[in-house]
Amino acid sequence: MTLPAMASESHLYFERGGPSYRLMQRIGVIKEEPSIGRRIIIFLGLTWLPLLVLSFLEGIALGPSPEQSFLLDFSTYARFFIGFPMIIIAEVMIGPRLTIAGLHFVNSGLVREEDYPAYDSAVEKVESRREARLPELIILGIAVFGAWSMTAAMYAGHEKSWHIIQTSEGIRLSLAGFWYLLVAVPLLQFMFFRWIWRLIIWTGFLLDMSRLDLRVSVTHPDQAAGLAFLGPAQVSFGLLAFGLSSILSASAAFLIVFKGADIETFKIPFIVYLVLINLVFLGPLLVFFPLLARTRRQGLREFSALVNRYDQSFVDKWIRGKAPADEPLLGTGDIQSLADLGNSFIFARQMKPIPFSLQTIIQMSVIAAAPMLPLLPLVMPIADILKILGKALL
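Residues numbered from 1 in each chain as written. Predicted model: local features only at pLDDT ≥ 70, side-chain atom pairs only at ≥ 80, totals over all residues. Heavy atoms only, no water.

(A) Inspection of the confidence of the model for the protein chain at higher detail. Chain-level pLDDT for the protein chain is 83 on average; 83% of the residues reach the 70-or-more range. By mean pLDDT, helix 16 (residues 382-393) is the weakest element of the protein chain at 59, and helix 9 (residues 230-235) is the strongest at 94. (pLDDT = per-residue confidence, 0-100. Helix = DSSP H or I, 4+ residues; strand = E, 2+ residues; numbered from the N terminus.)

(B) Local environment of a nonpolar patch on the surface. On the surface, a nonpolar cluster with roughly 760 Å² of combined accessible area is contributed by Leu134, Leu137, Ile138, Leu140, Ile142, Val144, Trp148 and Phe193. No other element matches helix 7 (residues 133-157), which puts seven residues into the nonpolar patch. Looking at the element boundaries, Phe193 is found in helix 8 (residues 175-210). On the accessibility criterion, Phe193 (30% relative accessible area) is partly exposed. (Patch = residues over 30% accessible without salt bridge, like charges linked within 9 Å, V, L, I, M, F, W, Y side chains within 5 Å. Areas by Shrake-Rupley, 256 points an atom, 1.4 Å probe, with all protein chains shown as cover. Salt bridge = Lys/Arg side-chain N within 4 Å of Asp/Glu carboxyl O. Buried < 20%, exposed > 50% of the residue type's maximum accessible area, 1.4 Å probe, protein only.)

(C) Structural context of the pattern of salt bridges. Under the counting rule described, the total for this entry stands at nine salt bridges. For Arg194, the salt bridge goes to Glu91, with nearest N and O atoms at 4.0 Å. A residue pair is termed long-range when its members are at least 10 positions apart, and Arg194 in helix 8 and Glu91 in helix 4 (residues 74-93) qualify at 103 residues. A relative accessible area of 1% means that Arg194 is categorised as buried. A relative accessible area of 3% means that Glu91 is categorised as buried. Across the salt bridge formed by Arg194 and Glu136, the nearest N and O atoms sit 3.5 Å from each other.

(D) Spatial organisation of the packing of helix 4 against helix 5 (residues 95-107). Put simply, helix 4 and helix 5 touch, their axes get as near as 4 Å, and they point 30° apart. One element, helix 4, and the other, helix 5, form an angle in the roughly parallel class. For the pair helix 4 and helix 5, contact is made by Ala90, Glu91, Val92 and Met93 and by Gly95, Pro96 and Arg97, respectively. Taken together, the residues of the contact of helix 4 with helix 5 sort by class into four nonpolar, one polar and two charged. (Axes fitted to C-alpha atoms, helices over the stretch in contact; angles between N-to-C directions. Parallel < 35°, antiparallel > 145°, perpendicular 65-115°, else oblique. Contact = heavy atoms within 4.5 Å. Nonpolar A, V, L, I, M, F, W, Y, C, P; charged D, E, K, R; others polar.)

(E) Region of the structure containing the packing of helix 5 against helix 8. For the pair helix 5 and helix 8, interaxial distance at closest approach is 11 Å and the crossing angle is 10°. Here helix 5 lies roughly parallel to helix 8, going by the angle between them. In this structure, helix 5 contributes Gly95, Leu98, Ala101, Gly102 and Phe105 to the contact, and helix 8 contributes Trp195, Trp202, Phe205, Leu206 and Met209. Residues of the contact of helix 5 with helix 8, tallied by class, amount to eight nonpolar, two polar and no charged.

(F) Inspection of helix 6 (residues 116-131) at higher detail. The first and last C-alpha atoms of helix 6 sit 23 Å apart over 16 residues, in line with the 22 Å expected at 1.5 Å per residue. If you check which residues of helix 6 are buried, you get Tyr116, Tyr119, Asp120, Ala122, Val123, Val126 and Arg130. Seen end-on, helix 6 carries its buried residues on one side only, within an arc spanning 160°. (Expected span 1.5 Å × (residues − 1). Arc of directions from axis to C-beta.)

This is how it looks when you write it as structure tokens:
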């Protein structure tokens with residue numbers, strides 16, 4: 001079978017490409033794809049290492065208070081030793097899974113041959129958006145503006161931190177604070193928002209797929225008309241959620257350890273955060289809701305009519321005595337056919353109008369919540385935690 005011209009990994013990919021990626025290739029940051037370890041080391045050398053050196057030079061590595069001590073800022077460790085590496089590792093975790101899922105539409109026969117040109121067009125859109133300069137320039141502007149906003153907020157509130165130092169002439173950014181707000185944070189935000197742009201590109205591709213006349217089946221065993229393969233691919237975005245959660249968890253840990261904050265104050269924000277994570281990273285799959293809902297309604301109507309006709313024929317034949325005299329009931333295939341038809345109708349009734357399950361939501365939530373678990377030993381003895389886990393397991 002001839003597949004669409006664009007149905008290959010050389011065209012449909014999301015993690016590589018783009019102006020910033022090409023720039024990293026030209027300057028030697030990326031030599032042999034994907035160069036994950038090399039990039040992590042280089043970015044740490046551009047972000048955390050200069051902060052460490054500058055903080056020692058200005059005497060704020062361990063300042064007069066935890067807020068004014070660079071080495072006691074938990075969120076900085078989380079940003080650059082967890083968050084940043086997660087963004088880079090995402091290229092070998094998220095990207096290939098999206099490519100496999102995107103190609104599965106044609107490899108599995110979901111896309112009809114007459115829709116191959118439309119599929120090629122959708123892949124061309126991915127390429128065009130992925131390689132466009134304007135979106136990455138906008139992302140760069142947002143990243144820099146966000147850092148400047150943080151700087152302005154610190155000055156306005158005269159915040160005590162290692163970012164700002166007091167002098168005889170007033171307050172000013174420390175050298176470490178300058179590098180943090182104008183180099184390190186913009187670089188981190190740019191890389192993160194770049195992945196959000198890739199998520200938007202993927203969502204656009206899914207939207208194009210949802211508009212095709214896909215070969216979906218109401219009786220498919222995956223209970224999503226054959227589209228349940230998208231759920232696991234989408235869960236891979238949990239890697240970004242893990243990195244973001246690590247930063248938030250580190251900030252909460254600082255408040256608990258040094259400010260005496262009650263962990264209960266984080267309960268509602270934590271729940272809201274998990275809801276938002278699921279909406280952002282699983283929400284793109286909702287573009288298939290109209291298609292799946294329509295498929296389910298139509299399938300139930302058609303199966304209901306088929307079941308009625310077969311059931312009436314079965315009753316007339318075997319209950320009302322219209323069966324041929326030479327055809328015994330014992331061993332007839334009619335009963336098995338009735339059972340098979342009933343099972344198919346059950347499959348149709350159990351079909352979901354969304355291509356992911358409760359298990360998918362739980363998986364995403366667990367990944368996002370995992371960095372929060374280290375907060376528990378800060379407010380509860382480990383022995384008590386083990387007792388609670390023991391009771392839960394037993």
